[in-house]
Amino acid sequence: MREYLTEALILDKTAANETDFIVDLYAKELGRIKAKVTSGQKITSKLSPHLEPLTFSLVRLTEKNGFTVADALTQNRLTYLRRSAVIFAKGLKLLSAIRQLIFPEEIDPKFWFWLKKSLTKGDIFFNQFLKILGYDPKLAECHKCRSKFVKYFLAEDQIFLCWNCGFKIPQNTLLLDL
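Residues numbered from 1 in each chain as written. Predicted model: local features only at pLDDT ≥ 70, side-chain atom pairs only at ≥ 80, totals over all residues. Heavy atoms only, no water.

1. Section: the overall build of the chain
Counting its regular elements, the chain contains 5 helices and 8 strands. Element order for the chain, N to C, with α for helix and β for strand: β-β-β-β-β-α-α-α-α-β-β-α-β. The C-alpha radius of gyration computed for the chain amounts to 17 Å, which stays within 12% of the reference 16 Å derived for 178 residues, consistent with globular compactness. For the C-alpha atoms alone, the extent of the chain along its principal axes is close to 55 × 30 × 30 Å. Scored against the burial criterion, the 178 residues of the chain give a buried share of 43%. As displayed, the chain offers around 10,100 Å² of accessible surface, 52% of which is attributable to carbon and sulfur atoms. (Helix = DSSP H or I, 4+ residues; strand = E, 2+ residues; numbered from the N terminus. Rg over C-alpha atoms; globule rule 2.2 N^0.38 Å. Buried < 20%, exposed > 50% of the residue type's maximum accessible area, 1.4 Å probe, protein only. Areas by Shrake-Rupley, 256 points an atom, 1.4 Å probe, with all protein chains shown as cover.)

What follows is the structure, given as structure tokens:
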């Protein structure tokens, strides 16, 4: 059994059963991982408040047949993001894009430092995010009409779209504004 102590951004948490949940996080030393939180949904859980999405936490993980959260302590709740509904929505959209575009256990120190800096300041620019991942909007063209003036990035298909073509995409699809 191995143990890790790392800083992590909480991306999502989902129920596993009546008492446990699975937390999806991007850790500084481990990349994107999923970890089980035993008894995390109980009303007396000490871990649950420290594992909310859009929170930087210091997390102690154990690894034996998968990761398990042993301890967590909130480092930064990103209160600046939570003050504005528009910026908060943009932050949640970024977390969703990370879950779709980053492979599990892919470690990228440059991405980690950009993520920490931009979320702490509240400056979330999707074009910088995409450039770090290798999707440079300056070199892109619309996938459908070949226009050089791209406005959106469709995360599930990993394609760029212009304003006219992006307008035709359904509302419930993750579309990043550039």
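Still to come is the rest of the account.
2. So, the sheet that holds strand E5 (residues 67–76)
Pairing is mixed in the closed barrel, where 5 strands are placed in the order E1-E2-E3-E5-E4. This sheet shows a mean twist of 50° between the axes of neighbouring strands, independent of strand direction. Of the strand pairs in this sheet, strand E4 (residues 56–63) and E5 are connected by 8 bridges, and their pairing is antiparallel. Its bridge partner lying in E5, Ser-57 is registered against Thr-74. Relative to strand E1 (residues 2–15), helix H2 (residues 85–101) is tilted by about 115°, and along the sheet it contacts E1, strand E2 (21–27) and strand E3 (31–37). (Pairing = 2+ DSSP bridges. Axes fitted to C-alpha atoms, helices over the stretch in contact; angles between N-to-C directions. Contact = heavy atoms within 4.5 Å.)

3. Description of the nonpolar core
In terms of nonpolar packing, the biggest core is built from 29 residues, with Leu-94, Leu-115, Leu-119 and Phe-129 touching the most fellow members. Elements represented by at least two residues in this core include exactly E1, H2, helix H3 (109–121), helix H4 (126–133) and strand E6 (150–154). With sequence-adjacent residues up to four places away left out, Leu-115 is seen in contact with Leu-9, Tyr-26, Phe-56, Leu-94 and Ile-98. (Core = buried A, V, L, I, M, F, W, Y, C linked by side-chain atoms within 4.5 Å.)

4. Here's the deal with the layout of surface pockets
Its boundaries defined by the atoms lining it, the largest pocket holds a volume of some 240 Å³. Looking at the largest pocket, the residues that line it are Lys-93, Tyr-152, Trp-163, Gly-166, Phe-167, Ile-169, Pro-170, Gln-171, Thr-173, Leu-174, Leu-175 and Asp-177. Contributions of two or more residues to the lining of the largest pocket are made by helix H5 (163–166) and strand E8 (175–177). Classifying every residue of the lining of the largest pocket by side-chain character gives 7 nonpolar, 3 polar and 2 charged. (1 Å grid on protein atoms, 1.4 Å probe; cavity = no way out; pocket = protein on both sides within 12 Å on 5 of 7 lines; lining within 4 Å. Points joined across faces, edges and corners; volume = space filled by probe spheres on them. Nonpolar A, V, L, I, M, F, W, Y, C, P; charged D, E, K, R; others polar.)

5. Details of the sheet that holds E6
In a beta sheet, neighbouring strands pair by backbone hydrogen bonds and run either parallel or antiparallel. Taken together, 3 strands build an open sheet; the order of strands is E7-E6-E8 and the sheet is antiparallel. The open sheet terminates on both sides in strands that have one partner only, identified here as strand E7 (159–162) and E8. In this sheet, neighbouring strand axes are inclined to one another by 35° on average, regardless of whether the strands run parallel or antiparallel. Relative to the sheet, H4 contacts E6, E7 and E8, its axis offset from that of E8 by approximately 115°.

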